[in-house]
Amino acid sequence: MPGYLSAVNPLVPPGVYTPQEDTALLAEALAEEPLPQGADVLDVGTGTGALALHAARRGTRVTAVDVSWRAVGAARVNAWLSGLRVRVRRGNLFDPVRGQTFDLILANPPYVPAPDEGAEPRGTARAWDAGRDGRLVLDRICREAPALLRPGGVLLVVHSALSGPERTLELLRAAGLKSSVTRRRRIAFGPVLRERQGWLRERGLLSAAENKEELVVVRAELPV
């Protein structure tokens, strides 16, 4: 496990997303953000709380949100074991924090394209399945996150290049945010992509020769 994650080493109960390369890539981007003491940070889709703990170690005030009760429990336990203060709330994306604003928003949403169009992800698949184009949650984040940022605030979101980074940039720029891809990393296919690679090739999202997935971090800043 990359260094940014091994420093936290969270407990991962059954049914909760295990921190992986996408979590590590977002943690690296978080480490580069100049956050003052007491900055307000939101980690949406927190899972085990790994990213929330990284932010809390920097002296920030962290709120973590997840739709899964198991994830909420895991994040609370991991914060307690780490001796860090993290406010953990259960809810759908930004619903628990409506009316609040933040200096930094972190998002590692589900982003894997799924063949079953119209079917709502269930169980642990909610951590990765994101509709036929992989943007079931990403589009909501792009629409709703800008209203939760303070002037000068930053959104950091990680997802697969299969899910349309250009669309992410387009939506965030349309909302008035200065946006760019700041990190990229190619990784071996995980179990879900290995299982779906035939379907992804049929759709033209993967070429016949591709055997790695590219992850990207998009950074979007609300001008002062």
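The numbering scheme is per chain: residues are counted from 1 as the chain's sequence reads. Thresholds applied to this predicted model are a pLDDT of at least 70 for local features of residues and 80 or more for the giving and counting of side-chain atom pairs; totals over whole chains, interfaces and linings are not thresholded and use all residues. To obtain the side-chain values, all non-hydrogen atoms of the structure were used and water was disregarded.

A. Local environment of the nonpolar core. Membership of the largest hydrophobic core comes to 62 residues, with the highest contact counts inside it found for V86, F94 and I105. Helix and strand assignments follow DSSP, with helices taken as H or I runs no shorter than four residues and strands as E runs no shorter than two, numbered in order from the N terminus. Tallying contributions element by element places strand β5 (residues 149–160) first for this core, with six residues. In this description, contact between two residues means that some pair of their heavy atoms is separated by no more than 4.5 Å. Those residues in contact with F94 that sit more than four places away from it in its chain are L42, V44, I105, R140, I141, E144, A145 and L148. Nine residue types can take part in a nonpolar core, namely buried Ala, Val, Leu, Ile, Met, Phe, Trp, Tyr and Cys, and a core is a set of them joined through side-chain atoms within 4.5 Å. The classification of residues rests on relative accessible area computed with a 1.4 Å probe and restricted to protein chains. Under 20% of the type maximum is buried, over 50% is exposed, and intermediate values are partly exposed.

B. How the structure looks around the sheet that holds strand β1 (residues 40–44). In space, the seven strands of this open sheet follow the order β3-β2-β1-β4-β5-β7-β6, with mixed pairing throughout. For this open sheet the edge positions go to β3 (86–90) and β6 (178–188), each flanked by a neighbour on one side alone. This sheet shows a mean twist of 15 degrees between the axes of neighbouring strands, independent of strand direction. In this analysis, strands are considered paired if DSSP registers two or more bridges between them. As defined by bridge partners, strand β4 (residues 102–107) adjoins β5 across five bridges and the pair is classed as parallel. Every axis corresponds to a line fitted to the C-alpha atoms, with the helix fit spanning only the stretch in contact, and the corresponding angles, defined between N-to-C directions, vary from 0 to 180 degrees.

C. Geometry of helix α6 (residues 165–174). For α6, the full list of buried residues reads P165, T168, L169, L171 and L172. Looking straight down α6, one finds that the buried residues subtend no more than 165 degrees of arc, so they occupy a single side. Residues E166 and A174 are exposed on α6 and point more than 90 degrees away from its buried face. Against α5 (138–144), β5, β6 and β7 (212–221) lie the buried residues of α6. Taking the helix axis as origin, the arc is that swept by the directions to the C-beta atoms.

D. The layout of surface pockets, seen in detail. Grid points spaced at 1 Å and placed over the protein atoms alone form the basis of the search, with a cavity being a set where a 1.4 Å probe fits but cannot get out and a pocket an open set showing protein on both sides within 12 Å along at least five of seven lines. Lining residues have an atom within 4 Å of a point. Grid points are joined across faces, edges and corners, and a volume is the space filled by probe spheres set on the points. In this structure, the second largest pocket spans a volume of roughly 180 Å³. Surrounding the second largest pocket, 14 residues form its lining, D40, R61, V62, T63 and R87 being those nearest its centre. When contributions to the lining of the second largest pocket are tallied by element, the ones reaching two or more residues are β2 (61–66) and β3. Each residue gets one of three labels, nonpolar for Ala, Val, Leu, Ile, Met, Phe, Trp, Tyr, Cys and Pro, charged for Asp, Glu, Lys and Arg, and polar for the others, Gly among them. Of the residues contributing to the lining of the second largest pocket, the split by class is five nonpolar, four polar and five charged.

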